[in-house]
There are 2 protein chains.
Amino acid sequence: MELEHSKIGRYEFLAEPFHCDFSNRLLMGHLGNHLLNAADFHSNDRGFGMHYLNTINKTWVLSRLAIEMEQMPVAYDRFAVETWVESAKRYFTRRNFMVQNTKTGQVYGYGRSIWAMIDTETRQPVNLLEVRDGLLEDYVEADKPCPIDKESRVKMSNEAQPVGSVIARYNDIDINGHVNSVKYIEHVLDLFPLEFYRDKRLLRFEIAYVAEAHYGDELRFYCETDDDLTYRVRITRSNAEVAEEIETCRCMLRFTDR
Amino acid sequence: MELEHSKIGRYEFLAEPFHCDFSNRLLMGHLGNHLLNAADFHSNDRGFGMHYLNTINKTWVLSRLAIEMEQMPVAYDRFAVETWVESAKRYFTRRNFMVQNTKTGQVYGYGRSIWAMIDTETRQPVNLLEVRDGLLEDYVEADKPCPIDKESRVKMSNEAQPVGSVIARYNDIDINGHVNSVKYIEHVLDLFPLEFYRDKRLLRFEIAYVAEAHYGDELRFYCETDDDLTYRVRITRSNAEVAEEIETCRCMLRFTDR
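Counting from 1, residues in each chain are numbered in the order their sequence is written. Chains carry letters from A onward and ligands carry numbers from 1 onward, assigned in written order. Given that the model is predicted, a residue must reach a pLDDT of at least 70 before its local features are reported, and side-chain atom pairs must reach 80 or more before they are shown or counted; all residues, however, enter totals for whole chains, interfaces and linings. Only hydrogens and water are set aside; all other atoms, that is, all heavy atoms of the structure, feed into the side-chain values.

## Some thoughts on the interface of chain A and chain B
Any two residues whose heavy atoms approach within 4.5 Å are treated as being in contact. At the interface, 36 residues of chain A touch 36 residues of chain B. In total, about 3500 Å² of surface goes out of reach between chain A and chain B, with carbon and sulfur atoms giving 56% of it. Buried area: the accessible surface (1.4 Å probe) lost by two parts on joining, summed over both. Of all residues in chain A, Phe 18, Tyr 170 and Asn 171 of chain A give up the largest surface area on contact with chain B, accounting jointly for 23% of the area buried on that side. By definition, a salt bridge exists where a carboxyl oxygen of Asp or Glu is found within 4 Å of a side-chain nitrogen of Lys or Arg. Scanning the region where chain A abuts chain B turns up zero salt bridges. For the purposes of these results, a polar contact is taken to be a pair of N or O atoms within 3.5 Å, where, inside protein, one atom must be able to donate a hydrogen and its partner to accept one; residues adjacent in sequence count only when each atom of the pair is a side-chain atom. Here chain A is connected to chain B by 20 residue pairs in polar contact (both at pLDDT 80 or more). Broken down by secondary-structure element, the contributors of at least two residues to the side of chain A that touches chain B are helix H1 (28-45), helix H4 (181-189) and helix H5 (194-199) of chain A. Across the side of chain A that touches chain B, the residue classes break down as 18 nonpolar, 10 polar and eight charged. Working definition: helices are DSSP H or I runs of at least four residues, strands are E runs of at least two. Numbering for both runs from the N terminus. Asp, Glu, Lys and Arg are counted as charged, while Ala, Val, Leu, Ile, Met, Phe, Trp, Tyr, Cys and Pro are counted as nonpolar; the rest, among them Gly, fall into the polar class.

## Observations regarding the relation of the copies chain A and chain B
Here the second copy of the chain follows from the first by a rotation about an axis and a shift along it. The fit set for superposing copies consists of C-alpha atoms from residues with pLDDT of at least 70 in both; the fit itself is least squares. For the match of chain A to chain B, the screw axis carries a shift of 0.0 Å, the RMSD comes to 0.0 Å, and the turn is 180 degrees. When the rotation and shift are considered jointly, the pair of chain copies conforms to a two-fold rotation axis. Taking C-alpha positions as the reference, the residue of chain A nearest the rotation axis is Val 166 of chain A, at 5.0 Å. Looking at chain A, 100% of its interface residues are interface residues in chain B too, so the copies touch through the same face.

## Some remarks on the sheet that holds strand E2 (residues 58-69) of chain B
Residues and elements named next belong to chain B. Spatial ordering of the open sheet is given by E1-E3-E4-E5-E2-E7-E10-E9-E8-E6, a layout of 10 strands whose pairing is antiparallel. Edge positions in the sheet fall to strand E1 (9-14) and strand E6 (161-167), since each of these pairs with one other strand and no more. Averaged over all pairs of adjacent strands, the angle between strand axes in this sheet comes to 25 degrees, irrespective of strand direction. Pairing of strand E8 (residues 218-225) with strand E9 (residues 230-238), which is carried by eight bridges, proceeds in the antiparallel orientation. What sits directly across from Arg 220, in E9, is Thr 236. Sheet contacts for helix H4 (residues 181-189): E2, E6, strand E7 (200-209), E8, E9 and strand E10 (246-257); angle to E7, the most-contacted strand, approximately 135 degrees. Note on pairing: two strands pair once DSSP finds at least 2 bridges between them. Note on method: axes are straight lines fitted to C-alpha atoms, helices fitted across the in-contact stretch only, with angles between N-to-C directions ranging 0 to 180 degrees.

## A closer look at the sheet that holds strand E6 (residues 161-167) of chain A
Residues and elements named next belong to chain A. Here 10 strands make up an open sheet; going across it, the order is E1-E3-E4-E5-E2-E7-E10-E9-E8-E6 and the pairing antiparallel. Looking at which strands have only one partner, the edges of the open sheet turn out to be strand E1 (9-14) and E6. On average, each strand axis in the sheet is tilted by 25 degrees relative to the strand beside it, whichever way the strands run. With respect to the sheet, H1 is in contact with E1, strand E2 (58-69), strand E3 (78-88), strand E4 (93-101), strand E5 (107-119) and strand E7 (200-209), its orientation differing from that of E1 by roughly 145 degrees.

## Some points on the nonpolar core
Buried Ala, Val, Leu, Ile, Met, Phe, Trp, Tyr and Cys residues form a nonpolar core when they are joined through side-chain atoms within 4.5 Å. Exposure categories follow from relative accessible area, calculated using a 1.4 Å probe and restricted to protein chains: below 20% of the type maximum is buried, above 50% is exposed, and the middle band is partly exposed. By size, the foremost hydrophobic cluster in this structure holds 130 residues, and its most contacted members are Leu 253 of chain A together with Leu 253 of chain B. For Leu 253 of chain A, the contacting residues outside a window of four places in its chain are Val 188, Leu 189, Phe 192, Leu 202, Arg 204, Phe 205, Leu 229, Thr 230, Tyr 231 and Val 233 of chain A.

What follows is the structure in structure tokens.
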């Protein structure tokens, strides 16, 4: 069958000055947003995106995201995000990303993600190979390399220490009434002092989304580390009605010396 | 003289899904970011932007910003920001904005801003009409309408009540080591509960930037209101070394019933 679109989508972005940190490099939260946008554009253009799923009461749910960057774009750099479906099984699909400077061709880094699909009424998982007669499978591109490790199972001991908390506010909440996936990245990176970022830069960020948090929830952050370069962070939610802490995300951060 | 560029710049943006709030409308902070980007592109393209100013140790300083929106773009709307210099005096210039749906032509709203220029070494104001022999004046476009009120002098009584505080963290800090202008907008909007936004929408937002805040500063928010639609917010900064609270911004918010 002739596909209407290429398997790999390519979308161009600008590292906007107000999206950069004190070192003039793009903030990881904003990069995460660009990857999610690229995923959204790619799937919408090919007929299995949110625009179509909304009409059949289904939705994509991001389960995991891993980003590993050799370098971060500097303010005003133009970069492209390429994205493609690496594999598609009944209950999850893998989508990868490549981030490239559009002028020099330099590859800044890669991303990996895992998505499930649910029915928005029953909240139950949907067999994503049945959507549009398995259209997603037609777009699987298994040969393009994504030379970073797959997401790890972030294992946490009971030694993780409480390191902060925030209340989910207006700007945190998306159209679904949930804390926006990108906001978790920002809140986790805000746990580290600015001084820390002067010596270190974030090489790899992984996040596993476990349960949704809502407006007014208190998000609590628990952190453990093996050395001064690798950190694991558990985020829990609780609120006035449900005081019990429920795990909402789990992250792994790997830094490198600048 | 023939100008190399038109006086009015026009830049297209997308209301990105993760930049929208629970009601699927673009968040004011992200709109503010788009306006500041448009200002930046317009001035850089015409030779009096930050790219040039960096080479002569000068910089633009945003003094005031007012945004008034009849409507906010919905997720995936494509919109254009037009921007132009309304006037240029020795120590400040006025720059206006129009926000328009690119498909329907509908004007969503307008913005106004006031900018000064300083020397980055002495931190003293610079006569901006002397930069590049008054190039800025050549681009003044006094005739294009901007049918919203000019910024008001936000007058606050001593009745303003403390309504919250945040510590300036990694994601708040820009390349200059200051709290990013857009982040103040977000922090102020986070003072209002989500329930409030279900009945009301933000019609006009004004902010006057008074003094810079830095990493680790505690930002405290003081609010007063005449009715349930108009709010004035003072933001102060203080820290371990300087416990005295110094005003950093002053805002006015006008809401309207949805």
